[in-house]
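What the coordinates show
These are the residues of each chain, in order.
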Amino acid sequence: MGCPHCGRVHEAPGPDMCVRCGWRLAANVPDTSLQWVWAWFFAGLIAYIPANIYPMLRTQSLGRTSESTILEGVVELLHYGSYSVAIIVFVASIAIPIGKFFAIAYLALSIQRKVRQGVHGRYRLYEVVEFIGRWSMIDVFVVAILAALVQLDFAATINPGIAAISFALSVAFTMLSAQSFNPKTIWAYGDHSKT
């Protein structure tokens, strides 16, 4: 265990005080962060459901109104031959959020049940979830840019649907869930012999 004041590393279980600076050492890692992880996780999961059911974009073009969900938008992009954009939207709006839900649930359950596994793999998974969180908002940014740029009153207008708000909330909640996770618990309950 490391001293939070001077950084000297002590063998666990070790002394109650740092031998270098006299700071109090705490060997146990509190699991209270898991309560926040689960709370933000379920809030994000609940917000993700309407994000996929309700329309993300509401388009009015020459008096005709059309609404499309995220998946309908991907199918429409495929229909028009924009395969690369369709893949980007699918990965950013469907695959990554679902993967984040599975990864956060796996990390929290493995810590909660004190599963002895290799710490390096779990810590890499935690780092990936942390890194990807900021890129999950790409769909919301696209909708916001389209809504700001396409405002031709007589010809066409694009407005964000209720799903854009739900999706933004879902991404924010999963980011808070990942940030609430205490990565020290991975090392405390992991099997250090496995990589």
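Residues numbered from 1 in each chain as written. Predicted model: local features only at pLDDT ≥ 70, side-chain atom pairs only at ≥ 80, totals over all residues. Heavy atoms only, no water.

**Some points on the environment of Glu-67**
By secondary structure assignment, the location of Glu-67 is in strand β2 (residues 64-68). According to the relative accessible area criterion, Glu-67 is partly exposed, its value standing at 44%. Distance from Glu-67 to Pro-160, taken between C-alpha atoms, is 9.6 Å for residues 93 residues apart in sequence. Residues within four places of Glu-67 in sequence aside, it is in contact with Pro-55, Leu-57, Arg-58 and Glu-72. (Helix = DSSP H or I, 4+ residues; strand = E, 2+ residues; numbered from the N terminus. Buried < 20%, exposed > 50% of the residue type's maximum accessible area, 1.4 Å probe, protein only. Contact = heavy atoms within 4.5 Å.)

**With respect to the state of the cysteines**
Every disulfide links exactly two cysteines, by a covalent bond between their sulfur atoms. Per the stated rule, a full pass over the model turns up 0 disulfides. Take Cys-18: it sits in no disulfide, and the sulfur closest to it among the cysteines is that of Cys-6, at 3.6 Å. Unpaired in terms of disulfides, Cys-21 finds its nearest cysteine sulfur in Cys-3, a separation of 3.7 Å. Its relative accessible area of 34% is what places Cys-21 among the partly exposed residues. (Disulfide = S-S within 2.5 Å.)

**Considerations on the confidence of the model for the protein chain**
Across the protein chain, pLDDT averages 80, with 84% of residues at or above 70. When mean pLDDT is compared element by element in the protein chain, helix α1 (residues 33-53) scores highest at 92, while strand β3 (residues 151-152) scores lowest at 60. (pLDDT = per-residue confidence, 0-100.)

**Remarks on the environment of Tyr-123**
Position of Tyr-123 among the secondary structure elements: in helix α4 (residues 119-133). It is 9.4 Å that separates the C-alpha atoms of Tyr-123 and Lys-184, two residues lying 61 residues apart in sequence. Excluding residues that lie within four positions of it along the chain, Tyr-123 makes contacts with Pro-183, Ile-186 and Trp-187.

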